[in-house]
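Survey of secondary and tertiary structure
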Amino acid sequence: MATAAVPTVNGKRKREDIRPVSGAKRPANQVAKQKVAKTHVDQTVTQTQAQDQPAESEAQRVTETNAKPTANSIKQPTQVTATATPAGEAVHVQIITGSYERILQGAAATIPRHLLEQPSGTNGVAEDQDDQSVTFSDTFLFAAHASAIRCLSISPSTESDWRYVATGSSDERINVYSVSTAPPNTSVNAKLPSLSSNQTAENPRNRSVGSLIHHDRAVTCLQFPAKGKLFSAAEDNTVAISRTRDWIMLSSIKAPIPKPQGRPSGDTAAPGQTPAGVNDFAIHPSQKLMLSVGRGERCLRLWNLMTGKKAGVLNFDRDLLSQVSEGKHSSGEGRNVLWAGDGESYVVGFERGAAIFGVDSQPRALIKPSPLTKLHCYRMMQSADGQEILAVSTEDGRVLFFDTTDTATGAAKGNLPICKCVAQLGGRAAGIVGRIKDFEVVELPTSVSSAQETALLVTASSDGAVRIWTVPRDLGKDTSAAQQTGRLLGTLETSNRIICLGAFVLDGKSGDAGAEEEEFGGFEEEDDEAASGEEEA
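Residues numbered from 1 in each chain as written. Predicted model: local features only at pLDDT ≥ 70, side-chain atom pairs only at ≥ 80, totals over all residues. Heavy atoms only, no water.

Counting secondary structure elements, the protein contains 8 helices and 34 strands. For the protein, the proportion of its 537 residues judged to be buried stands at 47%. Restricting to contacts in the protein with at least 6 residues of sequence separation, those with at least 24 account for 59%. (Helix = DSSP H or I, 4+ residues; strand = E, 2+ residues; numbered from the N terminus. Buried < 20%, exposed > 50% of the residue type's maximum accessible area, 1.4 Å probe, protein only. Contact = heavy atoms within 4.5 Å.)

Listed below in structure tokens is the structure:
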């Protein structure tokens with residue numbers, strides 16, 4: 001029997017053939033409208049007995065109309081939006097993870113608002129109740145690179161309903177993706193295929209934009225200081241600056257290759273070669289200065305972004321390295337660097353400790369975990385009184401919170417003071433022993449009543465678990481010793497060895513699926529206009 005040919009345009013299916021598939025979720029909403037209409041008709045029959053026959057014909061007409069929905073009723077945007085929790089009662093957070101398995105996975109967490117308004121406990125474990133659980137919906141899954149994904153960065157929030165996500169890998173490529181900021185439109189009654197035992201909420205805005213080849217070695221660090229610029233560092237000792245309007249590399253900052261010092265160390269150094277590369281960089285809040293730390297060198301470099309040239313070098317003396325637990329056989333290289341929010345100080349992280357420097361490049365205090373363990377990720381968090389708290393993830397599954405303004409305790413005479421650890425999250429007390437490779441502090445919207453008192457943390461462990469915590473902002477104000485803090489809201493098992501993580505609040509607008517597809521068709525033109533406006537400003 002002959003089959004009907006599918007109409008095509010330039011080898012592609014027409015949009016009319018795709019829209020019925022994207023609208024598969026709408027009949028669930030129409031069934032709800034049928035019940036409301038039928039209830040209204042039954043009430044009319046009860047109140048007016050003299051109009052039994054007209055009411056019966058009216059009910060029959062409504063039933064027949066709903067049984068055959070028209071094209072106009074399918075195109076209504078209100079019929080597409082169907083979330084498990086009303087928008088006013090939940091906060092949606094987009095979580096993006098990169099792993100050794102070369103997979104870039106995105107999942108949207110729906111957090112009931114009453115969970116955020118409850119005070120955080122001290123045992124690190126949330127109550128096991130069905131009505132208080134956090135639900136996850138897989139939003140995308142990309143086989144992003146040919147090698148492990150080592151870093152990722154998310155562009156800042158704008159008025160647009162999408163953000164850029166850049167990923168860097170050992171395959172020397174930088175992949176760029178467009179991710180929607182709209183909450184997931186997963187139907188309550190629909191049981192869709194799953195990637196990790198959760199619901200799946202697809203969005204046509206989540207797609208790949210392209211790849212950048214600006215480096216000759218593995219990419220180590222990425223950062224969006226603004227929507228219009230992307231900074232990337234790699235093991236070729238360069239920091240590239242790209243423009244997001246057309247993804248052209250504007251300039252490249254070249255760091256000197258370190259001199260050989262004894263036997264090479266590091267997993268990327270070939271036999272007989274010296275380990276090289278930029279471990280991390282941090283851009284000043286004014287976007288005029290940049291700090292960088294490199295592999296195989298015991299120094300910190302300061303760069304002038306206005307001229308693209310080196311502005312100074314700060315060598316780490318032997319006394320400072322010994323105080324941050326960098327022994328004789330350690331590399332002594334800086335592994336992380338982070339500016340404070342006010343730009344008046346910065347943190348240089350080593351393998352088992354960190355040092356806080358002022359703008360005069362003089363060390364002020366030390367960060368040392370107890371018991372001693374490796375440190376992985378550094379983030380700044382605002383406290384209840386407006387001060388900044390330094391959060392650090394460790395090898396033994398903890399997140400330590402240090403008050404950088406409290407440096408009253410000193411290790412010994414002549415040594416730098418040690419910052420006070422005001423609280424800790426996770427660890428053996430919470431049943432977490434695997435290393436926390438990366439984490440993110442998510443700023444809650446102002447509509448949440450406890451947004452000023454509670455911080456939301458998303459942690460990623462190497463065992464593939466992504467956990468969402470709430471942490472009070474008044475840490476260590478009433479206690480003299482570090483105590484267990486935070487409350488675990490939910491856990492997502494990704495089954496991947498996670499290396500990097502990013503998260504942000506889904507505060508965009510969700511509309512008709514066909515309208516989203518048409519708008520994304522002109523994505524590049526809209527991006528050009530927005531970027532041009534930023535340059536003119």
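One pass over the full model with this rule turns up 8 aromatic pairs. On the numbers, 5.5 Å between centres and 10° between planes, the contact of Tyr346 with Phe357 is stacked. Here Tyr346, found in strand S20 (residues 345-349), pairs with Phe357, found in strand S21 (residues 354-358); they are 11 residues apart in sequence, far enough to count as distant. Taken individually, Tyr346 and Phe357 each receive the classification buried, so the pair is uniform in this respect. (Phe/Tyr/Trp six-rings, centres within 6.5 Å; stacked < 30°, edge-to-face > 60°.)

For the rest of this paragraph, the subject is unusual backbone geometry. The peptide bond linking Ser370 to Pro371 adopts the cis configuration, its omega dihedral lying at 0°. In this structure, Ser325 takes a positive phi of about 65° despite not being glycine. Structurally, Ser325 is set in the loop between helix H6 (318-323) and strand S19 (336-339). Residue Ser325 is classed as partly exposed on the basis of its relative accessible area, which comes to 23%.

Here the focus is the pattern of salt bridges. Counted under the stated rule, the structure contains 12 salt bridges. With its nearest N and O atoms 2.7 Å apart, the salt bridge here joins Asp246 to Arg243. Given the relative accessible area of 16%, Arg243 is considered buried. Between Asp438 and Arg379 there is a salt bridge whose closest N-O contact spans 3.3 Å. On the criterion of sequence distance, the pair formed by Asp438 in strand S29 (residues 436-442) and Arg379 in strand S23 (residues 375-382) is long-range, its members being 59 residues apart. Looking at Asp438, the relative accessible area reads 9%, which means it is buried. (Salt bridge = Lys/Arg side-chain N within 4 Å of Asp/Glu carboxyl O.)

Moving on to the nonpolar core. The biggest cluster of nonpolar side chains holds 24 residues, and the ones touching the most others in it are Ile95, Ile111, Leu456 and Ile468. Elements with a minimum of two residues in this core: strand S3 (90-99), strand S4 (103-112), helix H5 (113-117), strand S30 (454-461), strand S31 (465-472), strand S33 (487-493) and strand S34 (498-505). For this core, the element with the most residues is S34, which contributes 4 residues. In this view, Ile111 contacts Glu89, Ala90, Val91, Val93, Leu116, Val134, Leu456, Ile468 and Leu489; residues no more than four positions away in its chain are not counted. Membership of the second largest hydrophobic core comes to 20 residues, among which are Leu425, Phe439, Leu457 and Leu488. (Core = buried A, V, L, I, M, F, W, Y, C linked by side-chain atoms within 4.5 Å.)

Right, let's talk about the state of the cysteines for a bit. Enumeration over the complete set of coordinates arrives at 0 disulfides. Left without a disulfide partner, Cys151 is nearest to the cysteine sulfur of Cys221, which lies 6.2 Å away. A relative accessible area of 7% means that Cys151 is categorised as buried. (Disulfide = S-S within 2.5 Å.)

Turning our eyes to something else, we now look at the sheet that holds S23. Spatial ordering of the open sheet is given by S23-S24-S25-S28-S32, a layout of 5 strands whose pairing is mixed. The sheet terminates laterally at S23 and strand S32 (483-484), the two strands that pair on one side only. (Pairing = 2+ DSSP bridges.)

This paragraph deals with the sheet that holds strand S18 (residues 309-315). Spatially, S15-S16-S17-S18 is the arrangement adopted by the 4 strands of the open sheet, whose pairing is antiparallel. Each of the sheet's edge strands pairs with one partner strand only, and the pair in question is strand S15 (278-283) and S18. On average, each strand axis in the sheet is inclined to that of its neighbour by 25°, with strand direction left out of account. Here S15 pairs with strand S16 (residues 289-294) via 5 bridges, running antiparallel. Bridging from a neighbouring strand, Asp280 pairs with Val293 of S16. (Axes fitted to C-alpha atoms, helices over the stretch in contact; angles between N-to-C directions.)

Before going further, it helps to examine the environment of Leu212. Within the secondary structure, Leu212 sits in strand S10 (residues 207-212). With 39 residues separating them along the chain, Leu212 and Arg173 place their C-alpha atoms 5.9 Å apart. Not counting the four nearest positions on each side in its chain, Leu212 is found in contact with Glu172, Arg173, Ile174, Val176, Leu230, Ser242 and Trp247.

It is worth spelling out the environment of His145 at this point. Its location among the elements puts His145 in the loop between strand S5 (135-143) and strand S6 (149-154). His145 sits 26 residues away from Asp171 along the chain, and the two C-alpha atoms are 7.0 Å apart. The contact partners of His145, leaving out residues within four places of it in the chain, are Arg102, Thr167, Gly168, Ser169, Asp171, Arg173 and Asn175. Here Thr167 takes part through its side chain, which lies 2.8 Å from a polar atom of the side chain of His145. (Polar contact = N/O pair within 3.5 Å; in protein donor to acceptor, adjacent residues only side chain to side chain.)

A few words on the side chain of Ser383. Following the sequence through the fold, Ser383 ends up in the loop between S23 and strand S24 (388-394). Among the residues examined, Ser383 registers a relative accessible area of 5% and is labelled buried. Only 2.4 Å separates the side chain of Ser383 from the side chain of Asp385, close enough to count as a polar contact. Once residues lying within four places of it in the same chain are set aside, the contact partners of Ser383 are Glu388, Ile389 and Arg473.

The next thing to look at is the confidence of the model for the protein. For the protein, the mean per-residue pLDDT works out to 76, and 66% of the residues sit at or above 70. Within the model, the stretch residues 1-41 combines pLDDT values under 50 with 43 contacts to residues more than four positions away or in other chains. Residue range residues 43-87 is modelled with pLDDT below 50. Its contacts to residues more than four positions away, or to other chains, number 45 contacts. (pLDDT = per-residue confidence, 0-100.)

Further remarks concern the side chain of Gln94. Of note, Gln94 is situated in strand S3. A distance of 3.2 Å separates the side chain of Gln94 from the side chain of Thr139, its partner in a polar contact. With residues near it in sequence (within four places) discarded, Gln94 still touches Gly106, Ala107, Ala108, Thr139, Phe140, Val179, Gly502, Ala503, Phe504 and Leu506.

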